[in-house]
Structures are given as structure tokens and as C-alpha cells.
Amino acid sequence: MVFAEAAAAAVGGSGVAATGVFSYNRENFMFDREQRQKQEIQTLNMRLNQADLWREDVRDMVGLTEKKMDVYMVVTALHVGFNLALFTEGRFEMGTPQWLVWLYGLALTGAFMFQLLSL
């Protein structure tokens with residue numbers, strides 16, 4: 001009987017000790033878990049903000065390209081106008097070698113085609 005009572009006391013005492021250790025460890029575990037969850041949420045938010053910044057950079061680059069194209073359009077339209085003026089009014093004097101007139105016409109035609117394509 002004495003042995004059974006001693007065994008029961010030992011089991012009961014170890015149960016109380018295990019409960020105390022478990023509750024102590026559980027409190028630390030729950031604190032750590034909460035901190036880890038906050039860290040993971042913060043990491044995800046930072047990644048989302050970083051992706052937003054990348055998208056904003058792409059939008060800015062596309063916006064700059066559109067603005068540049070508007071400026072290029074005006075300049076190219078002026079060049080086409082100048083080129084057409086040279087076609088109609090830019091004539092050589094009589095006696096100019098024929099090969100020079102052909103090269104002049106070829107250069108103006110090439111310039112006109114490239115400028116027309118850039119519009």
C-alpha cells in the first residue's frame with residue numbers, strides 16, 4: 001500500500017510540475033508566435049509596397065516616353081514641311097551636273113520617307 005501511495009503522490013506531483021512547465025512554455029510560445037506573425041505580415045506589406053513602387057516607376061517611364069513622342073511629333077512635322085519646301089522651291093541653277101541633281105533628289109526623297117515613317 002505504501003508503494004501505491006508513493007506512486008500516486010509521485011504521479012500527482014509530476015502532473016502539477018508538468019502543468020506549470022507547460023503553461024510557462026506556452027506563454028513564451030504564444031508570445032513568439034504573435035511576434036513571428038507580425039513580422040510576416042510586415043514583410044508582406046513591404047513587398048506589396050515595393051511592387052507598387054515598381055509599377056509607379058514603369059508608369060513614370062511610359063509617361064516620359066509619351067511626352068517625348070509629343071515633342072518629336074512637332075519637330076518631325078516641321079522637318080517634313082521643310083523637306084517639302086526644298087522639293088518644291090529648292091532648285092539648282094542651270095548647268096548643274098546631272099549626277100548632283102540626282103543625288104540631291106535621292107537625299108531629299110530618303111529624308112522625306114524616314115520623316116514620314118516617324119510620324
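Please read these numbers as outputs of a predicted model, since none were measured by experiment. (Residues numbered from 1 in each chain as written. Predicted model: local features only at pLDDT ≥ 70, side-chain atom pairs only at ≥ 80, totals over all residues. Heavy atoms only, no water.)

J.: How do you make sense of the overall build of the protein when you look at a structure like this?
T.: Looking only at helices and strands, the protein features 2 helices and 0 strands. By residue count, 6% of the 119 residues in the protein fall in the buried class. When the accessible surface of the protein is split by element, carbon and sulfur atoms take 68% of a total near 10600 Å². (Helix = DSSP H or I, 4+ residues; strand = E, 2+ residues; numbered from the N terminus. Buried < 20%, exposed > 50% of the residue type's maximum accessible area, 1.4 Å probe, protein only. Areas by Shrake-Rupley, 256 points an atom, 1.4 Å probe, with all protein chains shown as cover.)

J.: Sorry, what's going on with the side chain of Gln115 here?
T.: The residue Gln115 is located in helix α2 (residues 98–118) in this model. Not counting chain neighbours up to four residues away, the residues in contact with Gln115 comprise Thr76, His79, Val80 and Asn83. (Contact = heavy atoms within 4.5 Å.)

J.: In this structure, what is going on with the pattern of salt bridges? I would like to understand it.
T.: Per the counting criterion, the structure on display carries 2 salt bridges. A salt bridge links Lys38 to Glu34; the nearest nitrogen and oxygen atoms lie 3.3 Å apart. Residue Lys38 and its partner Glu34 are both found in helix α1 (residues 2–89); the two are separated by 4 residues, about one turn of the helix. A relative accessible area of 40% means that Glu34 is categorised as partly exposed. (Salt bridge = Lys/Arg side-chain N within 4 Å of Asp/Glu carboxyl O.)

J.: Please explain α2 as it appears in this structure.
T.: Owing to its 3.6 residues per turn, the α-helix brings residues three or four apart onto one side. Over its 21 residues, α2 runs 30 Å from end to end, which matches the ideal 30 Å to within 8%, given 1.5 Å per residue. Among all positions in α2, only Leu108, Phe112 and Gln115 are buried. Buried positions in α2, seen along its axis, are confined to an arc of 70 degrees and lie on one side of it. In this structure, α2 carries Gln98, Trp99, Trp102, Leu106, Ala107, Phe114 and Leu117 as exposed residues pointing more than 90 degrees from its buried face. (Expected span 1.5 Å × (residues − 1). Arc of directions from axis to C-beta.)

J.: Looking at this model, I keep getting lost on the side chain of Asn83. Mind explaining?
T.: Structurally, the position occupied by Asn83 is in helix α1. Among the residues examined, Asn83 registers a relative accessible area of 4% and is labelled buried.

Functional significance is not addressed by these values, which are geometric in nature.
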